[in-house]
Amino acid sequence: MVDVTVAAWISRAPCLTPNSFNSISNGKSRNKTTKVVPTSTKAWKIRTAVAAASCSSSVFGSFNQTVGGQVLREGECLEKYKKEGKGKKRVFFLDVNPLCYAGNKPSLQSFGHWVSLFFSQVCLTDPVIAVFDGDNCNELRRRLLPSYKAHRRKFFPQSTISKKYVRGQVGRSQQLIMDVLRKCNVPVLKVEGNEADDVVATLVEQVLERGYHVVIASPDKDFKQLISENVQIVMPLVELKRWSFYTLKHYMAQYNCDPQSDLSLRCIMGDEVDGVPGIQHLVPGFGRRTALKLLKKHGSLENLLNAASVRTVGRQYAQEALTKYADYLWRNYEVLALRRDVDVHLQEEWLLERDTSNDANVLSNFFRLLEETNKSTRESRSNFSNG
């Protein structure tokens, strides 16, 4: 089942209602109309709102934020990107879920901060497709590997809080975020039983077939396997408080291999973040150095396993490991490789230039609502402690 919220062209952005913000607090906030902000003041309004938002750096720690050991200067990535992608129209995919966390905690402030910068400094009027994880999105991979992202099943640390209550809170927060995106004229996709990564990977191929250049906005390292001359990533750099483009050239400078080789390396060495064990747990002597040497020679996990099945490809322990645990490695590949066969189809209206006229109003209202609700929460706590 595919849930699609398609943006409508709105002449005036209505305020977000307090009822839609119950996921943060039960405190009351005012619902008042905001005047339409002139285009010339849009950027100022958004920057002001961003300054009030706070977020943590730990959620984005999975992405290496340097290229060749040096942090790219602000504006440098964007200018290089414009030159390299000149002549092709851009389509952005916004991976929403990781932007909604500060550290391990859900944070609407984090979402507001990054989406404000994204609209005002990155995508501008280019089309944007926002993608969420679907319900039960990890079940397919967990059937293959029960430990896959098992540590993320942790929304219920307190026995006094019911799962039903927490799910309701999370659902209301997600609906509020979807409303913000919709009012900023961004279509929102959520495919039941599928991770956002797989939905994006499937649609990327469909977009490329139409001759567009693709940019994926996400801190998720899994998207690195999609990087090519026509597919780039723009990632949030928390310490620098900005987004930064990450291209195939950056990837080659960082890893000295192609993206497919990196995926193969992760299949062999495992991925602790996603709960995927590597072969070194079965064969302690089979480490990163051995894996890199074999992949450099054979190029990919598929080529390596095919070669090992008919001849000797390395030292005896490596040869025995590759033949004895081939099924183990193929399972890791099935878990870590992004799928391109999700039942979702690109709509032509998603490729239209985005109308940005509502951005300033919608985001200003969003941050005002956050501020008012947080204020109400603080007052409620103060009254409770004094009582």
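Refer to the structure above for everything that follows.
These numbers come from a predicted model, not from an experiment. (Residues numbered from 1 in each chain as written. Predicted model: local features only at pLDDT ≥ 70, side-chain atom pairs only at ≥ 80, totals over all residues. Heavy atoms only, no water.)

Quick word on the overall build of the protein chain
Item 1. Along the protein chain, the regular secondary structure elements total 13 helices and nine strands.
Item 2. Split into buried and exposed, the 387 residues of the protein chain put 51% on the buried side.
Item 3. Taking the intrachain contacts of the protein chain between residues at least 6 apart in sequence as the baseline, contacts between residues at least 24 apart amount to 76%.
Item 4. Element-wise, carbon and sulfur atoms account for 50% of the exposed surface of the protein chain, whose accessible area totals about 19,600 Å². (Helix = DSSP H or I, 4+ residues; strand = E, 2+ residues; numbered from the N terminus. Buried < 20%, exposed > 50% of the residue type's maximum accessible area, 1.4 Å probe, protein only. Contact = heavy atoms within 4.5 Å. Areas by Shrake-Rupley, 256 points an atom, 1.4 Å probe, with all protein chains shown as cover.)

Re the nonpolar core
Item 1. Core analysis: the biggest nonpolar cluster contains 36 residues, and L94, F118 and L181 have the highest contact counts within it.
Item 2. For this core, the secondary-structure elements that each account for two or more residues are β2 (90-95), α3 (108-123), β5 (128-132), α5 (163-183), β7 (213-217), β9 (242-246) and α13 (359-386).
Item 3. A total of nine residues in this core trace back to one element, the largest contributor, which is α3.
Item 4. Non-local contacts of F118, meaning those with residues more than four positions away in its chain, are made with F92, L94, C123, L124, V128, A217, V234 and W243.
Item 5. If you look at the next biggest cluster of nonpolar residues, it comprises 32 residues, including V207, V214, I227 and V231. (Core = buried A, V, L, I, M, F, W, Y, C linked by side-chain atoms within 4.5 Å.)

Focus: the layout of surface pockets
Item 1. The computed volume of the second largest pocket comes to approximately 400 Å³.
Item 2. What lines the second largest pocket is a set of 19 residues, and nearest its centre among them are K221, R266, G270, D271 and R288.
Item 3. Sort the elements by how many residues they give to the lining of the second largest pocket and helix α8 (residues 259-269) lands first, with four residues.
Item 4. For the lining of the second largest pocket, the class distribution of residues is six nonpolar, six polar and seven charged.
Item 5. Both of domain 1 (87-153 + 167-255 + 343-370) and domain 2 (261-336) provide at least three residues apiece to the lining of the second largest pocket. (1 Å grid on protein atoms, 1.4 Å probe; cavity = no way out; pocket = protein on both sides within 12 Å on 5 of 7 lines; lining within 4 Å. Points joined across faces, edges and corners; volume = space filled by probe spheres on them. Nonpolar A, V, L, I, M, F, W, Y, C, P; charged D, E, K, R; others polar. Domains from an automatic or database assignment.)

Regarding the pairing of β5
Item 1. Counting buried positions along β5 gives five out of five residues, so the element sits mostly inside the fold.
Item 2. Residues V128, A130 and F132 line one face of β5 and the alternating positions I129 and V131 line the opposite face, and both faces are buried.
Item 3. Note that β2 and β5 share four bridges and pair parallel. Its bridge partner lying in β5, F92 is registered against V128.
Item 4. Sheet topology note: the β5/strand β6 (residues 188-191) ladder contains three bridges and is parallel. By the bridge assignment for β6, F132 is matched with K190. (Pairing = 2+ DSSP bridges.)

Details of the pairing of β2
Item 1. When you tally the buried positions in β2, you get six out of six residues, the bulk of the element.
Item 2. Here β2 pairs with β7 via five bridges, running parallel. By the bridge assignment for β7, F92 is matched with V215.

Description of helix α7 (residues 248-255)
Item 1. When α7 is considered as a whole, its buried residues turn out to be L248, H250 and Y251. The arc that holds the buried residues of α7, viewed along the axis, is 155 degrees, so those residues lie on one side.
Item 2. Between a side-chain oxygen at the N-terminus of α7 and the backbone nitrogen of K249 the separation is 3.3 Å; the capping residue is T247.
Item 3. Phi for N256, located one or two positions after α7, is positive at around 55 degrees. (Arc of directions from axis to C-beta. Polar contact = N/O pair within 3.5 Å; in protein donor to acceptor, adjacent residues only side chain to side chain.)

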